[in-house]
Amino acid sequence: MKRLLGRFYPAALINTIKNYWILSTEFGQFKTMSRGCIDKDNEFIPWYTYPAIEYIKQLDFTEKSIFEFGSGNSTIFWAKRCKKTVSIEDNKEWYDKMTPELPANVEYKLIPDKVDYVNSINQFSDNFDIIIIDGNHRYECTVEALKKLNDGGIVILDNSDWHEKSAKLLRDADLIEVDMAGFGPINGYTWTTSFFLSRSVKLKAAKSRQPLNGIGGIRN
């Protein structure tokens, strides 16, 4: 097929079509347009950029505790990978929809009041290894997240390109910013999911090899 196409189309067009195929089919983005945040195998994934999701999949979080401001398919995704997940939601309709889908290792709370939502992380005596800021009131949640992050922990801020004040606050707290910009599920545009790493962070690879070949990549 490639040889046949090459007679009629320049290589640039062929590669453009191939890139579209990888994004829409191998990443499963076309499917997400109507079915929400899932991959090509119908597994739940977060509404982060694909580079961020690919990176997370390469790491071992089995002994980590997770706190999410904002819930969704990401909650199920994290619950399969970590020791404990706490997820906070302020939308009752979404909360009612998600509740039957969540596994036993998720503590799920509906907190519609803004002040209580922002301060919900302080209800817990323990700190958290991973704190995800992906709901409402992101700057205020960032302030509280910094108080409850374990030594060696990570804050994940989605849509960080839209939340410059929150990103700056995390940088000013001496966390190392790693930005993962690109396409992701559902949207027809790129955005940025950022990881803010503690200076003492230690991450284990999920497999014997890291990095793995990415979706659409060529094995050497």
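Look a little higher up for the structure.
Now for a description of the structure that goes with this document. (Residues numbered from 1 in each chain as written. Predicted model: local features only at pLDDT ≥ 70, side-chain atom pairs only at ≥ 80, totals over all residues. Heavy atoms only, no water.)

Strands sit in the order β4-β3-β2-β5-β6-β8-β7 across an open sheet of 7 strands; the sheet is mixed. Every other strand in the sheet has two partners, leaving β4 (106-110) and β7 (176-182) as the edge strands with one partner each. Each neighbouring strand pair of the sheet contributes to a mean axis angle of 15 degrees, computed without reference to strand direction. One ladder, built from 5 bridges, connects strand β3 (residues 84-89) with β4; its direction is parallel. Paired with T85 across the strands is V106, a residue of β4. In the packing of helix α4 (residues 50-57) onto the sheet, contacts are made with β6 (149-158), β7 and β8 (191-197), and the angle to β7 comes to roughly 120 degrees. (Pairing = 2+ DSSP bridges. Helix = DSSP H or I, 4+ residues; strand = E, 2+ residues; numbered from the N terminus. Axes fitted to C-alpha atoms, helices over the stretch in contact; angles between N-to-C directions. Contact = heavy atoms within 4.5 Å.)

Turning to a nonpolar patch on the surface, a few remarks are in order. Together, Y20, W21 and F30 make up a nonpolar patch on the protein surface, roughly 420 Å² of accessible area in all. Among the structural elements, W21 can be located in helix α2 (residues 11-26). (Patch = residues over 30% accessible without salt bridge, like charges linked within 9 Å, V, L, I, M, F, W, Y side chains within 5 Å. Areas by Shrake-Rupley, 256 points an atom, 1.4 Å probe, with all protein chains shown as cover. Salt bridge = Lys/Arg side-chain N within 4 Å of Asp/Glu carboxyl O.)

Let us now look at the packing of aromatic side chains. Under the defined criterion, the tally for this structure stands at 12 aromatic pairs. Each ring, one from F27 and one from Y50, has its centre 4.6 Å from the other, and the planes form 35 degrees; the classification is tilted. Taken as a pair, F27 in the loop between α2 and α3 (29-35) and Y50 in helix α4 lie far apart in primary sequence, 23 residues in all. The pair F27 / Y50 is uniform in exposure class, with both members buried. Judged by centre distance (5.2 Å) and plane angle (55 degrees), the ring pair of F67 and F128 falls under tilted. Of this pair, F67 sits in strand β2 (residues 65-69) while F128 is found in strand β5 (residues 128-133), placing the two residues 61 residues apart along the sequence. On the accessibility criterion, F128 (3% relative accessible area) is buried. Aromatic ring contacts, followed pair by pair, group F67, F69, Y117, F124 and F128 into a single cluster. When the ring centre of Y139 is taken as reference, the NZ or CZ atom of K165 above it lies at 4.7 Å. (Phe/Tyr/Trp six-rings, centres within 6.5 Å; stacked < 30°, edge-to-face > 60°. Buried < 20%, exposed > 50% of the residue type's maximum accessible area, 1.4 Å probe, protein only. Lys NZ or Arg CZ within 6 Å of the ring centre and 35° of its normal.)

This brings us to empty space enclosed by the protein. Applying the stated criterion across every chain yields a total of 1 cavity of 30 Å³ or more. As a volume, the largest cavity reaches approximately 50 Å³. Taken together, E26, F27, D39, I45, Y50, I53, E54, K57 and I215 make up the full set of residues lining the largest cavity. Take the lining of the largest cavity: its biggest share by element is 4 residues, from α4. Of the residues assigned to the lining of the largest cavity, the class counts are 5 nonpolar, no polar and 4 charged. (1 Å grid on protein atoms, 1.4 Å probe; cavity = no way out; pocket = protein on both sides within 12 Å on 5 of 7 lines; lining within 4 Å. Points joined across faces, edges and corners; volume = space filled by probe spheres on them. Nonpolar A, V, L, I, M, F, W, Y, C, P; charged D, E, K, R; others polar.)

On to the layout of surface pockets. Of the voids in this model, the largest pocket is the one considered here, and its volume is about 660 Å³. Broken down by secondary-structure element, the contributors of at least two residues to the lining of the largest pocket are α5 (73-79) and α6 (92-98). By residue class, the composition of the lining of the largest pocket is 13 nonpolar, 10 polar and 8 charged. The volume enclosed by the second largest pocket comes to roughly 310 Å³. Taken together, E26, D39, K40, D41, E54, K57, Q58, R81, L212, N213, G214 and I215 form the lining of the second largest pocket.

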